[in-house]
Every structure is written in structure tokens, then in C-alpha cells.
Amino acid sequence: EKQIHDLEKQIAALKEERKQLRDSNVTEIGDVIYQDESVIITYNGIKEDEYGDGYSINFITENLTDKKIIVQYEDASLNDFMFYAVYSANLAKDEIDMYESDDEYCPMEDLEYLEFKVAVLDGDSYDEICISDPVTISFE
């Protein structure tokens, strides 16, 4: 299992290097947007809601520890507009949903960037393990 975690870290480092070598700041599917000793978060694209009234910004979240953790997004802003990101992952594929009825809704075609801090919590006690500096995803 340790070898798997080491390989996941190496893959994430290579993805980050690939991102830096591109001649663009736009975040692409497969880009690692955050990594620390506990977690790797990879951007997994945007998907329109099946009912056509919103969309989801998708992530793949991987636990690098042998402990149960919870990942939350805090201090989220979309194009400089602060909003409460209802996101708490017990890990796997997760998303931030945006619906037309939400006060903070931004149409997909107007997306510029999403910024948030990643908080990693102990899965049993909910004690904070770490909180990141702001992470930014660029859409244009």
C-alpha cells in the first residue's frame, strides 16, 4: 500500500510539472490542483446538470494516509464573488454544484476562476489536520 501511495505522489508531481510546462494558465482535466501529505485533489472538468439548470465543477480526491479524513473547501470565491461551497468529501469523485436558483450562481460561459482553501479534517474527531493557502482553478 505504501508503494501505491508513493506512485500516486510521483504521478501527481509529474502532472504538476506538465501543467507548468504548458503555455497556458487554464486548468485542464487531470491537473493536480492541490497536494500535501494527506491528500491529492485533481480537477475533473465541468459537467452540465442533467436538468439544464446548473453545472458541477468536478474533482477527484485521493487520501494519501491510512486514516479516515474529510476534505472541505473553505473561503470559496467564483470570479471574486464569495460563496459557501457545500463540499465535504469522504473522498472519491466529488463536485461543487452551481444552480441558477443560487444567489452566487455564475453562468458556465462567464467562469473565469474558482478559488478556495482546502481543509483536511480527521474523519472521526473532525479536528483540523491542515488548511491550505488559496488554491485557484483558471477557466480561461
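Bear in mind the structure is a predicted one, so any value in this text is a computation, not a measurement.

Thresholds, definitions, all that
Every chain begins its residue count from 1, and numbering advances along the sequence as written. With pLDDT at 70 or above as the cut-off, local features in this predicted model cover only qualifying residues; side-chain atom pairs require 80 or more to be listed or tallied, and sums for whole chains, interfaces and linings still use all residues. Side-chain descriptors were evaluated using all non-hydrogen atoms of the structure, hydrogens and water having been removed beforehand. Working definition: helices are DSSP H or I runs of at least four residues, strands are E runs of at least two. Numbering for both runs from the N terminus. Note on exposure labels: buried denotes an accessible area under 20% of the residue type's maximum, exposed denotes more than 50%, and partly exposed covers the range between, all computed with a 1.4 Å probe on protein chains only. In what follows, residue pairs with any heavy atoms lying within 4.5 Å of each other are defined as contacts. Using the Shrake-Rupley algorithm and a 1.4 Å probe, accessible areas are obtained, with residue cover drawn only from the displayed protein chains. Residues grouped as a nonpolar core are buried Ala, Val, Leu, Ile, Met, Phe, Trp, Tyr and Cys residues, joined through side-chain atoms within 4.5 Å. Summary of the metric used: pLDDT quantifies the predictor's per-residue confidence within the range 0 to 100. The rule is short: rings of Phe, Tyr and Trp, with Trp giving its six-membered ring, pair when the centres are within 6.5 Å, and they are stacked under 30 degrees, edge-to-face over 60, tilted in between. In this scheme, patches are assembled from residues that exceed 30% relative accessible area and form no salt bridge. Like charges are connected within 9 Å, while nonpolar side chains (Val, Leu, Ile, Met, Phe, Trp, Tyr) are connected within 5 Å. Each reported salt bridge corresponds to a side-chain nitrogen of Lys or Arg within 4 Å of a carboxyl oxygen of Asp or Glu. His is not counted, nor are the chain ends, whereas Lys and Arg count as positive and Asp and Glu as negative. One atom stands in for each charge, and that atom is NZ of Lys, CZ of Arg, CG of Asp or CD of Glu.

Counting its regular elements, the protein contains 1 helix and 10 strands. For the protein, the succession of helices and strands along the chain, N to C, is α-β-β-β-β-β-β-β-β-β-β. For the protein, the proportion of its 140 residues judged to be buried stands at 42%. For the protein, the share of sequence-separated contacts (at least 6 apart) that also reach a separation of at least 24 residues comes to 53%. For the protein, the exposed area adds up to about 8,400 Å²; of that, 45% sits on carbon and sulfur atoms.

So, about the side chain of Ser38. Along the polypeptide, Ser38 turns up in the loop between β1 (32-35) and β2 (39-48). Look at Ser38 and you get buried, because its relative accessible area is 8%. Excluding residues within four positions of it along the chain, Ser38 makes contact with Glu62, Asn63, Leu64, Thr65, Ile69, Val120 and Ile129.

Moving on, we get to unusual backbone geometry. Phi is positive for Asn79, close to 50°, though the residue is something other than glycine. Its place among the elements puts Asn79 in the loop between β4 (69-78) and β5 (81-83). You will see that Asp80, though not glycine, has its phi angle at about 75°, which is positive. Along the polypeptide, Asp80 turns up in the loop between β4 and β5.

Here the focus is the nonpolar core. Ile41, Phe59, Leu114, Phe116 and Val118 are the most contacted members of the largest nonpolar core, which has 25 residues in total. Put simply, the parts of the chain that give this core at least two residues each are β1, β2, β3 (54-63), β4, β7 (92-99), β8 (113-122) and β10 (135-138). It is β4 that provides the largest number of residues to this core, a total of 5 residues.

Residues with a pLDDT of 70 or more make up 87% of the protein, whose mean pLDDT is 82. Per-element confidence in the protein ranges from a low mean pLDDT of 55 for strand β6 (residues 88-89) to a high of 93 for strand β9 (residues 128-131).

One pass over the structure, following the stated rule, counts 4 aromatic pairs. Pairing Phe59 with Tyr73 gives two aromatic rings, centres 5.4 Å apart and planes at 85°, and the pair type is edge-to-face. Of the two residues, Phe59 is situated in strand β3 and Tyr73 in strand β4; the sequence distance between them amounts to 14 residues. Of the two residues, Phe59 and Tyr73, both sit in the buried class. Site record: aromatic cluster; members linked through ring pairs are Phe59, Tyr73 and Phe116.

Now for a negative patch on the surface. A surface patch of like charges, here negative, comprises Asp80, Glu109, Asp110, Glu112 and Glu140. You can see Glu140 is positioned in the segment after β10. Residue Glu140 is classed as exposed on the basis of its relative accessible area, which comes to 62%.

Take Leu121: it is sitting in strand β8. Using a relative accessible area of 8% as the deciding quantity, one classes Leu121 as buried. As a C-alpha pair, Leu121 and Ile70 span 51 residues in sequence and 5.0 Å in three-dimensional space. Ignoring any residue separated from it by four or fewer positions in sequence, one finds Leu121 in contact with Lys68, Ile69, Ile70, Gln72, Tyr126, Asp127, Glu128 and Ile129.

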